[in-house]
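Chain residues, written in single-letter form:
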Amino acid sequence: MNKRSLYVFIVLSLISVSSFAAKERVVRFQNHVRLGYDDNIYGTEDKTGSGFITDIINLSGKVNFSSRTDALVYWQPEFNYRFDANPEMVVYQDLYGRLNHALSQRAFLTLSDRFRYQQREGQTGLANGGTDDFNQNYIENDLQGALDYTLNTVSYLKLGAGYDFRTWEDSDYGGGVRNNDFDRINLNGTYIRQLKPNRTQGTLGIQYTDLSYAGSRGGYESTSFIVGVDQNFNPDVTGFGRVGFSMNSIDGGAGGTSNDSSSPYLQTGLEVNPTSRTSFNGTLGYSMQRSDNSVYNAQEQFSFGLGARQDLTAKISLATALSFIHSNYDSKFSRTGLLPDATDDYFTLSLRCSYQINRNNFVEAGYLFANRVSDFTDWNRNRFDVAWRLRL
């Protein structure tokens, strides 16, 4: 275990152990077992299909130490057995802890940490990279702190800072030629004012990011100025919007050249609940951010998502979601400085049906379709599963 992982373990352990001193505890447990088939388990042009069995355990607890202090702990191990994969068995982890404390009547402190051991996302990987470029797992940790300070009855100030890192299990993939390991520092400050009570809230903020990849790959710095609004249109419709611009300094040519650029920033979303059984949501975004592959240090990304849920009866529910991500890669942001401009489109569509047998037991059926069309590689993926879920 390296030093960074040890520090993460200590922070989460302190939150967990301190729960024994709590005055009140609420613990929830869920077990989710899925049996299915994935026709492209690595997400490559040369498809490799495999059946799988997945057991996802979810254990969460909330503890109240006093009227001023509470904590939340969340642990989700995921056991995956894939009949025709290498390795056949892999165990992923997702561990989260959050501590809330009221310093005074005006000041409120939040500390959180999230540790994950996960598989590479579907949009990463390069053409002709082989299985070694796709079958990759990483350790990631995200430590965040925030201080909310009430200025008056209608406005408050929010200050935040964070540090996160990603270390790939394969040292040749994380370091070596690719240098995919990274560290990132985030700083932010936001002024929030209630414009109309319980209806409209305005925000004005600044965000700073400094990311460094391993070795001589370089990284990027970005400062964003953002103005936004949160709106309750009526009890059934809520939305938010954030617009601004970012000033960026991005390394290219093996970190030897710093390229200054500016880019717009957009994040917006809407949620509609026309009935107690029906809900819809949508999001739209555009920003400069960390690259999703091994050869560019940054990307301009446009994202779009839609989701819907319908309770057909008191026992049967249906949920669907789709997302589309379009990424632009500028040649001057490539780590070697020799690659051309490139684009990458990634689309997913999911559908899931659930039937509640009784208070604690559910059976489900699900489908996921993913499609990637890019200058790097083209592929698609279909995954089917049936599942049993226990909730206590």
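Calculation criteria
- Residues numbered from 1 in each chain as written.
- Predicted model: local features only at pLDDT ≥ 70, side-chain atom pairs only at ≥ 80, totals over all residues.
- Heavy atoms only, no water.
- Helix = DSSP H or I, 4+ residues; strand = E, 2+ residues; numbered from the N terminus.
- Buried < 20%, exposed > 50% of the residue type's maximum accessible area, 1.4 Å probe, protein only.
- Contact = heavy atoms within 4.5 Å.
- Areas by Shrake-Rupley, 256 points an atom, 1.4 Å probe, with all protein chains shown as cover.
- pLDDT = per-residue confidence, 0-100.
- Patch = residues over 30% accessible without salt bridge, like charges linked within 9 Å, V, L, I, M, F, W, Y side chains within 5 Å.
- Salt bridge = Lys/Arg side-chain N within 4 Å of Asp/Glu carboxyl O.
- Lys, Arg positive; Asp, Glu negative; His and termini not counted.
- Charge placed at Lys NZ, Arg CZ, Asp CG, Glu CD.
- Phe/Tyr/Trp six-rings, centres within 6.5 Å; stacked < 30°, edge-to-face > 60°.
- Lys NZ or Arg CZ within 6 Å of the ring centre and 35° of its normal.
- 1 Å grid on protein atoms, 1.4 Å probe; cavity = no way out; pocket = protein on both sides within 12 Å on 5 of 7 lines; lining within 4 Å.
- Points joined across faces, edges and corners; volume = space filled by probe spheres on them.
- Pairing = 2+ DSSP bridges.
- Polar contact = N/O pair within 3.5 Å; in protein donor to acceptor, adjacent residues only side chain to side chain.
- Core = buried A, V, L, I, M, F, W, Y, C linked by side-chain atoms within 4.5 Å.

The next point concerns the overall build of the protein. Within the protein one finds two helices and 19 strands. Classification of the 392 residues of the protein by burial places 41% in the buried group. Long-range contacts, defined as pairs at least 24 residues apart, comprise 54% of the intrachain contacts of the protein with a sequence gap of at least 6. In the structure as shown, the protein presents an accessible area of about 20,200 Å², 58% of it carried by carbon and sulfur atoms.

Turning to the confidence of the model for the protein, a few remarks are in order. Mean pLDDT over the protein works out to 88, with 89% of the residues at or above the 70 mark. Throughout residues 127-131 the model reports pLDDT below 50, and contacts reaching past four residues in sequence, or to other chains, amount to four contacts.

Let us now look at a negative patch on the surface. A cluster of acidic residues, Glu-45, Asp-46, Asp-375 and Asp-378, forms a negative patch on the protein surface. With respect to the element layout, Asp-375 can be found in the loop between strand S18 (361-374) and strand S19 (378-391).

A cluster of nonpolar side chains, Leu-35, Ile-53, Phe-83 and Val-386, forms an exposed patch at the surface whose accessible area comes to about 340 Å². By the secondary structure assignment, Ile-53 is in strand S2 (residues 50-64). Judged by its relative accessible area of 36%, Ile-53 is partly exposed.

All right, on to the packing of aromatic side chains then. Applying the stated criterion across every chain, the model contains 13 aromatic pairs. Pairing Trp-168 with Tyr-173 gives two aromatic rings, centres 4.8 Å apart and planes at 75 degrees, and the pair type is edge-to-face. Here Trp-168 matches Tyr-173 in class, with each residue buried. Chaining the aromatic ring pairs together yields one cluster made of Tyr-138, Trp-168 and Tyr-173. Here the guanidinium or amino end of Arg-166 rests over the ring plane of Tyr-138, the centre of that ring lying 3.8 Å away. Taking NZ or CZ as reference, Arg-389 lies 4.1 Å from the ring centre of Phe-362, over its face.

Further remarks concern empty space enclosed by the protein. Rolling a probe over the atoms, with the probe sized like a water molecule, indicates the empty space that remains. Scanning the entire structure with this criterion turns up one cavity of 30 Å³ or more. Of the pockets and cavities examined, the largest cavity occupies roughly 110 Å³. Around the largest cavity, the lining comprises 13 residues; the ones closest to its centre are Trp-168, Asn-180, Arg-290, Ser-291 and Asn-293.

As a further point, take the environment of Thr-336. In this structure, Thr-336 sits in the loop between strand S16 (316-329) and strand S17 (342-356). For the pair Thr-336 and Asn-297, spaced 39 residues apart in sequence, the C-alpha separation works out to 9.9 Å.

Attention now moves to the pairing of strand S6 (residues 107-119). Both strand S5 (residues 89-102) and S6 contribute to a ladder of 10 bridges, which runs antiparallel. The residue of S6 that forms the bridge with Leu-99 is Leu-111. The turn linking S5 back onto S6 is made up of four residues. For S6 and strand S7 (residues 137-150), the ladder comprises 13 bridges, and the chain directions are antiparallel. Bridging from a neighbouring strand, Arg-114 pairs with Asp-142 of S7.

This next bit is on the pattern of salt bridges. Close approach of charged atoms allows side chains of opposite charge to pair. Here the structure, examined in full by the defined rule, presents 13 salt bridges. One salt bridge connects Lys-47 with Asp-39, and the closest N-O pair in it is separated by 3.5 Å. With a relative accessible area of 41%, Lys-47 lands in the partly exposed category. Given the relative accessible area of 17%, Asp-39 is considered buried. Of the charged contacts in the structure, one is a salt bridge between Asp-230 and Arg-242, with a shortest N-O distance of 3.1 Å. With a gap of 12 residues between them, Asp-230 in strand S11 (residues 219-234) and Arg-242 in strand S12 (residues 237-252) connect regions that are remote in the sequence. Residues joined in a network through salt bridges with shared partners are Arg-352, Glu-364, Asp-385 and Arg-389.

Moving on: the environment of Ala-107. Among the secondary structure elements, Ala-107 is positioned in strand S6. The sequence separation of Ala-107 and Leu-157 amounts to 50 residues, and the corresponding C-alpha distance is 9.5 Å. In contact with Ala-107, not counting residues within four places along its chain, are His-101, Ala-102, Leu-147, Asp-148 and Tyr-149.

The next subject is the environment of Ser-331. Examined against the element boundaries, Ser-331 turns out to sit in the loop between S16 and S17. Taking relative accessible area as the criterion, Ser-331 reaches 26% and is therefore assigned partly exposed. In this structure the C-alpha to C-alpha distance between Ser-331 and Ala-342, which are 11 residues apart in sequence, comes to 7.6 Å.

A few words now on the side chain of Asp-385. Along the chain, Asp-385 falls in strand S19. For Asp-385, a relative accessible area of 9% corresponds to the buried category. In this structure the side chain of Asp-385 is engaged in a polar contact, spanning 2.7 Å, whose partner is the side chain of Arg-352. Ignoring anything within four residues of it in the chain, the contact list for Asp-385 reads Arg-34, Leu-35, Gly-36, Phe-52, Arg-352, Glu-364, Ala-365 and Gly-366.

The subject of this paragraph is the nonpolar core. With eight residues, the main nonpolar core is built from Phe-182, Leu-211, Tyr-213, Tyr-220, Ile-250, Met-288, Ala-298 and Phe-333. For Met-288, the residues in contact, after removing those within four places along its chain, are Asn-248, Ile-250, Ser-261, Ser-263, Ala-298, Gln-299, Glu-300 and Phe-333. The next biggest cluster of nonpolar side chains, apart from the first, holds five residues, and it includes Val-295, Tyr-329, Ala-342 and Phe-376.

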